[in-house]
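Chain residues, written in single-letter form:
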Amino acid sequence: MAKRRSISKARIFSKDIPVKTDPASVEEETIRRVDRTLSTIGDFLVRWDASGLKPESMYPHVQRIKRFQDALTTWQREAVRARSKADDEARMKRLRDFVLICRTYS
């Protein structure tokens, strides 16, 4: 029975994973996911700002999340601006930059 659940989970997640792996498709999917991530971060920060109780121990974490948000926003703007005229080499550089951002803030 446990095996059946893992198979159905794999099916659920596999439909969200793009089949195309060319740099343009990967970049488009990354831009979409960054957009969702920025929305989630924005929602969190709005709730944080509205919260009356702000534990002092959370401030460094919130500042890190804000820097992550800034880095992702900058990356997304550049990717959206350049995607229509970019070649695969430029796309791959932007995708490597995205990975570096994620490693820096993970």
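Every chain is numbered on its own, with residues counted from 1 as its sequence reads. Whole-chain, interface and lining totals are the exception, using all residues; otherwise, since this is a predicted model, local features are given only for residues with pLDDT of at least 70 and side-chain atom pairs are given and counted only at 80 or more. The basis for the side-chain values is all heavy atoms of the structure; hydrogens and waters are excluded.

Engineer: What is the right way to read the packing of helix 2 (residues 23–50) against helix 4 (residues 88–105) from this model?
Structural biologist: For any two helices packed against each other, the geometry comes down to the angle between their axes and how far apart the axes lie. For helices, the fitted axis covers only the stretch in contact; all axes are lines through C-alpha atoms, and the angles between them, taken along N-to-C directions, range from 0 to 180 degrees. Under the scheme used here, helices are H or I runs from DSSP no shorter than 4 residues and strands are E runs no shorter than 2 residues, and both carry numbers assigned from the N terminus. Viewed as axis vectors pointing N to C, helix 2 and helix 4 meet at an angle of 35°, and their least axial separation amounts to 9 Å. As for the relative orientation of helix 2 and helix 4, their crossing is left-handed in sense. Counted together, Pro23, Ala24, Val26, Glu27, Thr30 and Val34 of helix 2 and Asp88, Arg91, Met92, Arg94, Leu95 and Phe98 of helix 4 form the full contact between these two elements. Any residue outside Ala, Val, Leu, Ile, Met, Phe, Trp, Tyr, Cys, Pro, Asp, Glu, Lys and Arg is labelled polar, Gly included; the first ten of those are nonpolar and the last four are charged. Of the residues in the contact of helix 2 with helix 4, the class split is 7 nonpolar, 1 polar and 4 charged. By convention the crossing between two helices is left-handed if the near helix lies anticlockwise of the far one by an angle smaller than a right angle, and right-handed if it lies clockwise. By definition, residues are in contact when any of their heavy atoms lie within 4.5 Å.

Engineer: I keep staring at helix 2 and nothing clicks. Help me out?
Structural biologist: Along an α-helix, residues three or four apart share an orientation, since each turn contains 3.6 residues. Between the first and last residue of a helix there are one fewer steps than residues, each counted as 1.5 Å, and that sum is the expected span. With 28 residues, helix 2 extends 40 Å between its outermost C-alpha atoms, agreeing within 8% with the 40 Å of an ideal straight helix rising 1.5 Å per residue. For helix 2, the secondary structure elements touched by its buried residues are helix 3 (59–82) and helix 4.

Engineer: How do you make sense of the confidence of the model for the chain when you look at a structure like this?
Structural biologist: Do not read the predicted coordinates in detail wherever pLDDT is low. Across the chain, the average pLDDT comes to 86, with 82% of residues at or above 70. Taken element by element, the predicted model of the chain shows its lowest mean pLDDT in helix 1 (residues 2–14) (47) and its highest in helix 3 (96). Residue range residues 1–12 is modelled with pLDDT below 50. Its contacts to residues more than four positions away, or to other chains, number 0 contacts. Along the chain, pLDDT gives the predictor's confidence residue by residue, from 0 to 100.

Engineer: What exactly am I supposed to notice about helix 3 here?
Structural biologist: The end-to-end C-alpha distance of helix 3 is 35 Å, a good match for the 34 Å that 24 residues give at a rise of 1.5 Å each. Those residues of helix 3 that are buried lie in contact with helix 2 and helix 4.

Engineer: Just checking my understanding: could you explain the packing of aromatic side chains for this structure?
Structural biologist: In this description, an aromatic ring pair is defined by two values, namely the gap between the centres and the angle between the planes. Paired rings are identified among Phe, Tyr and Trp, the last through its six-membered ring, by centres lying within 6.5 Å, and are further divided according to the angle between planes into stacked (under 30 degrees), edge-to-face (over 60) and tilted (the rest). Counted according to the given criterion, the structure contains 3 aromatic pairs. Ring geometry for Trp48 against Tyr59: centres 5.6 Å apart, planes inclined by 85°, an arrangement best described as edge-to-face. One end of the pair, Trp48, is in helix 2; the other, Tyr59, is in helix 3, and 11 residues separate them in sequence. Since its relative accessible area comes to 9%, Trp48 is described here as buried. Tyr59 gets classed as partly exposed once you look at its relative accessible area, which sits at 37%. Judged by centre distance (5.2 Å) and plane angle (45°), the ring pair of Trp75 and Phe98 falls under tilted. Note that Trp75 is positioned in helix 3 and Phe98 in helix 4, a separation of 23 residues in sequence. When sorted by exposure, Trp75 lands in the same class as Phe98, which is buried. Only protein chains enter the accessibility calculation, which uses a 1.4 Å probe; a residue is then buried when its area is under 20% of its type maximum, exposed when over 50%, and partly exposed in between.

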